[in-house]
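The lines below spell out each chain.
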Amino acid sequence: MIDKLEFFIVLARERHFGRAAEECGVTQPTLSASLKQLEEQLGVVLVQRGSRFQGLTPEGQRVLEWARRIVGDARTMREEMKAARKGLSGHARIAIIPTASSMVTELTTAFAEKHPAVTLSIISCTSYEVLTKLENFEIDTGITYLENEPTGRVATVPLYAERYQLITSAGQPMAGKETVTWAEVATLSLCLLTPNMQNRRIIDQHLAEAGATVKPTLESNSMVVLFSHIRTGKWASIMPVNLAETLGLAGDIRSIPIVEPDASHIVGMIAAPREPHTPIVSALLHEARVFARALAQR
């Protein structure tokens with residue numbers, strides 16, 4: 001039953017029988033037969049079939065919720081028994097929003113020092129993708145915004161408040177000011193994250209509240225790309241101050257607080273809302289709490 005439920009979860013994610021079979025390491029007939037057996041065991045049709053995958057039935061959507069819960073619990077049990085035998089080991093997968101890339105290093109470094117037998121992989125993606133990957137067991141934890149847009153039912157650990165500054169170069173308009181307003185920033189030639197990023201939607205929201213509409217002349221899903229364009233002296237951007245400091249404020253780069261309002265948004269770690277968590281997830285959440293406490297005391 002667990003294997004069949006895992007096949008079903010992968011099919012719901014991939015929405016294609018061939019890709020799902022490849023992901024599961026089985027042939028397509030084996031995958032189809034397993035799903036048919038699952039339907040017979042449960043007495044309902046789960047998948048709308050045709051010449052290709054057409055989606056889940058209403059019963060399939062409900063079974064998907066149960067499948068995620070059951071498979072998650074089974075994986076947690078296996079990981080807990082493995083940790084009891086061998087200590088904490090394995091692989092931890094973390095998805096982060098791009099603006100958290102500078103802050104995550106302190107957390108992961110401390111985690112790696114305490115748990116040297118655990119390897120880490122970190123991917124950068126949108127806040128929506130963080131939630132989707134968490135639901136589909138593609139990651140263990142995520143780091144994303146905890147406000148503004150729904151995060152769903154997840155376990156959360158607030159980490160820090162993200163505040164925004166104008167990042168520009170010497171000689172550019174407003175480079176000599178101590179503070180700037182959101183309305184003033186809107187008049188500049190800006191390079192910003194793409195609209196599918198929640199950071200961009202937050203920035204657009206504050207600009208709109210200031211009565212300004214911004215049309216950036218350059219967009220990217222990479223903070224490094226944005227920063228490299230600021231260095232040319234032709235663009236300015238809006239970034240969290242901690243990220244800008246990590247990318248490098250030396251030389252001609254200026255960081256100017258944006259006021260009216262002095263906006264901030266909470267970023268935190270999220271995990272699936274199951275108890276108990278796997279040993280690796282529990283260790284990551286513990287490290288997140290330690291990190292948040294240390295940051296608050298600075």
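It should be emphasised that the depicted structure is a prediction, and the values quoted were computed from it without experimental measurement.

Engineer: Mind laying out the environment of S34, listing which residues take part and the relevant values?
Structural biologist: By the element assignment, S34 lies in helix α3 (residues 28-42). What makes S34 buried here is its relative accessible area of 11%. C-alpha separation for the pair S34 and K4, spaced 30 residues apart in sequence, amounts to 5.8 Å. Setting aside residues no more than four positions away along its own chain, S34 makes contact with K4 and F7.

Engineer: Describe the pairing of strand β2 (residues 118-124), with residues and values.
Structural biologist: Judged from the seven bridges that link them, strand β1 (residues 90-96) and β2 form a sheet pairing that is parallel. Along β2, the bridge assignment pairs A92 with L120.

Engineer: Pulling in residues and values, what's your account of helix α2 (residues 17-24)?
Structural biologist: Every buried residue of α2 is listed here: F17, A20 and A21. Axial view of α2: buried residues confined to an arc of 100 degrees, hence all on one face. Tucked into the core, α2 has its buried residues touching α1 (2-14) and α3. Following α2 by one or two positions, G25 has its phi on the positive side, about 75 degrees.

Engineer: Go over helix α4 (residues 58-86) with me, naming the residues and quoting the values.
Structural biologist: Across its 29 residues, α4 extends 42 Å between first and last C-alpha, which sits within 8% of the 42 Å expected from 1.5 Å per residue. Of the positions making up α4, those classed as buried are G60, V63, L64, A67, R68, V71, G72, A74 and T76. Lining the buried residues of α4 we find α1, α3, α6 (127-135) and α11 (279-296). Looking one or two residues beyond α4, the residue adopting positive phi is G87, at roughly 85 degrees.

Rules used throughout
- Residues numbered from 1 in each chain as written.
- Predicted model: local features only at pLDDT ≥ 70, side-chain atom pairs only at ≥ 80, totals over all residues.
- Heavy atoms only, no water.
- Helix = DSSP H or I, 4+ residues; strand = E, 2+ residues; numbered from the N terminus.
- Buried < 20%, exposed > 50% of the residue type's maximum accessible area, 1.4 Å probe, protein only.
- Contact = heavy atoms within 4.5 Å.
- Pairing = 2+ DSSP bridges.
- Arc of directions from axis to C-beta.
- Expected span 1.5 Å × (residues − 1).

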